[in-house]
Each structure stands twice: as structure tokens, then as C-alpha cells.
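Structural characterization, general
The residues making up each chain are set out below.
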Amino acid sequence: MIFGTGEYYHVYNRGVDKRTTCLDDEDFHSFTYFIGRSKHDIDTGKHLVNVHAYTLMPNHFHFLVEQTSDDGVARFMQRLGTSYTREFNRKYDRNGCLFASRYHAKHVDTDAYLASVAAYIHRNPLDIKGFETIEALDTYPWSSYPHYRNLAKSPMVDGAMLLDFFGGTSHVQAFHRKNP
């Protein structure tokens, strides 16, 4: 796929053999740290992507990103995957691939699809015991959903653009309830 600068993408991947890639809260914290760190190219200082939405699950992840420089999505995902895999392998005394394959990406080319992808990403934890309702998503810590509800701050989230789709902070919950 050729990524266009200024374009939006739904990027996702899962653990190799559907394995768990975040075994505890420390792993989730490490993953979020590497998201923030990977948004910029260390060598050039260029901003690679804006992360508009994300959800980390125990064995997979989803992002809604906007490419902000040439090859930004590819470089962001390469840095994130390499950094997190290296940390995971060090911690658990293992080696080899952690993720199933190269990440998958779908071009988000309409406003309707953008809204749908954002809702899909945020609703992902509804399959986890204890998070089966929209209200419970307020407390899921590994997602940008609480950021949009103004319940937690995610410094890696570039959230202003999506708030327009949600109708503002006060309408986020209603938007996610009606956009499965």
C-alpha cells in the first residue's frame, strides 16, 4: 500500500499465533510509551503520524492514524513494532517475532468511514469481561476513549479532529452507542 501524507488509515495487527502481546499492566504501559515515542523520527525529528484513536487489547491493537510526513505510517509502525518487541523479548527472556506479520492498514477515505473506524476501535474492549457496556469503556485504560470523554489524558492522542465527529466531549458516549 502506498500511504499518502495527510491521509487517514486504520492500522492493526495481532500477536503471532494469536498469542498475548501484553501480559500485564506494565506491558500495556510500555506499549503506550512506545506509541508516543514512535510518532517522531529520532534521526530527522520529523513528526511521522498523528494518532487520533487507539485501543490496545491483550493480543492485538488498532490505531486510527494520519500520516504527517512521507513514509510516516511505515516508519511509525516499524519503530513501534521493533521497540516493543525488543522490550517484550527482554522482559520475558524470549526472542523472535511477537506480531503475526507486517501490520495491516486500510485507507480511510470518507468521513462516514472515519466515524465508523473510530467507533469500531473504541468499542473493541466490549468483548472483555467487565467492559461489556459503553459505560464501562470509561474505565478501560488502554484506549483513547476515556481521553475523548475527558476522563483521562492520553498525551499521544491528537484528538481535536475526532471531537467534531463525536459532536464534542459531551456527546462521545452517545456517538459510540449508536455507531456499532
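Quantities reported herein were computed from a predicted structural model and do not represent experimental measurements.

Spatially, 2-3-1-4 is the arrangement adopted by the 4 strands of the open sheet, whose pairing is antiparallel. Of all strands in the sheet, those with a lone pairing partner are strand 2 (49-56) and strand 4 (104-108), marking the two edges. Neighbouring strand axes in the sheet, compared pairwise and without regard to direction, differ in orientation by 20° on average. Relative to strand 3 (residues 60-67), strand 1 (residues 8-14) is paired through 7 bridges, and the arrangement is antiparallel. Across the sheet, residue Val11 finds its bridge partner in strand 3, namely Phe63.

This paragraph deals with the pairing of strand 1. Within strand 1, 5 of the 7 residues are buried, which leaves the element mostly enclosed by the surrounding structure. Sheet topology note: the strand 1/strand 4 ladder contains 5 bridges and is antiparallel. Within strand 4, the position partnered with Tyr12 by the bridge is His104.

Turning to unusual backbone geometry, a few remarks are in order. Even without being a glycine, Lys18 presents a positive backbone phi close to 60°. Assignment of secondary structure puts Lys18 in the loop between strand 1 and helix 1 (25-38). In the Ramachandran plot, Asp71 falls in the positive-phi region, its phi being about 60° despite a non-glycine side chain. You can see Asp71 is positioned in the loop between strand 3 and helix 2 (72-91).

Reading guide: rules and limits
- Residues numbered from 1 in each chain as written.
- Predicted model: local features only at pLDDT ≥ 70, side-chain atom pairs only at ≥ 80, totals over all residues.
- Heavy atoms only, no water.
- Pairing = 2+ DSSP bridges.
- Helix = DSSP H or I, 4+ residues; strand = E, 2+ residues; numbered from the N terminus.
- Axes fitted to C-alpha atoms, helices over the stretch in contact; angles between N-to-C directions.
- Buried < 20%, exposed > 50% of the residue type's maximum accessible area, 1.4 Å probe, protein only.

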